[in-house]
Amino acid sequence: MADSQTHSLRKIELYSDLSDRELAEVEKQCSWKRFAAQEQIIDRHSETRDVYFIVNGRVRVVNYSLSGREVTLDDFLAGSPFGELAAIDGEPRSASVMALEPTLLASLSHEHFVRTMQQYPRAAMRLMRHLTRMVRASTDRIMDLSTLGANNRVHAELLRQARDSMDGENTAVIRPIPVHGDMASRVSTTRETVARVMNDLARKGIVERRKDALVILDLQELMAMVEDVRGE
């Protein structure tokens, strides 16, 4: 096992309110595993019920249509949990998860996870907030998919990523640069549509592609474009 600092849950948001002693008790129950980039972590419909915590790295939650088309649901960064739904309700996994880069995960059996939620009310409250954010995000995405045209859905997804990467009041720096295929998977459109929309935004001076990042130069204008079609 690597050093204790690496194998620690201290940066996991769910357990951030726990004391060192309490955190150490949870860590004793964890299993630790490294995954390579593009390696599958969870298979949809798997009967496993473990909960995972991203210590280092980044993962992607995906689903597949009957035709085999991949639909990206979300990316989770270090500090995030995933797999908690199956631990709570006992149902099969609802999506597949793969590592996007070399990733270190801690995992808890569903029995130990539920026990920690019962034992530490502060962690349970953080879990409820986490699940609430997921529901709200899903609601917003369903509305966008149901009411917006393809171009506008690309704008909305870009705005969502920009808000997570603010660099000042009116700019954002998104790293790594969003891949057109990934964007298309998120908003149910084609790579060609994403490329066309991004080129149009670049011509208008709203975005700029640099060596290692996509820079949103005018976040307010991008926001206005989305709000106009949403009727906000």
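Definitions and limits used
- Residues numbered from 1 in each chain as written.
- Predicted model: local features only at pLDDT ≥ 70, side-chain atom pairs only at ≥ 80, totals over all residues.
- Heavy atoms only, no water.
- Helix = DSSP H or I, 4+ residues; strand = E, 2+ residues; numbered from the N terminus.
- Rg over C-alpha atoms; globule rule 2.2 N^0.38 Å.
- Buried < 20%, exposed > 50% of the residue type's maximum accessible area, 1.4 Å probe, protein only.
- Contact = heavy atoms within 4.5 Å.
- Areas by Shrake-Rupley, 256 points an atom, 1.4 Å probe, with all protein chains shown as cover.
- Lys, Arg positive; Asp, Glu negative; His and termini not counted.
- Charge placed at Lys NZ, Arg CZ, Asp CG, Glu CD.

## Notes on the overall build of the protein
- Across its full length, the protein holds eight helices and eleven strands.
- Relative to the compact-globule value of 17 Å for 232 residues, the protein shows a C-alpha radius of gyration of 19 Å, a close match.
- For the protein, the spread of C-alpha atoms along the principal axes amounts to about 55 × 40 × 35 Å.
- Split into buried and exposed, the 232 residues of the protein put 44% on the buried side.
- For the protein, the proportion of contacts with a sequence separation of at least 24, taken over those separated by at least 6, is 71%.
- Counting every atom, the protein has about 12,800 Å² of accessible surface; 50% of that belongs to carbon and sulfur.
- On the protein, the mean spot of the 32 positive side-chain charges and the mean spot of the 35 negative ones are 1 Å from each other.

## As for the environment of H45
- Mapped onto the secondary structure, H45 falls in the loop between β2 (40-42) and β3 (51-56).
- C-alpha separation for the pair H45 and F76, spaced 31 residues apart in sequence, amounts to 20 Å.
- Once residues within four sequence positions are removed from consideration, H45 is found in contact with P92 and R93.

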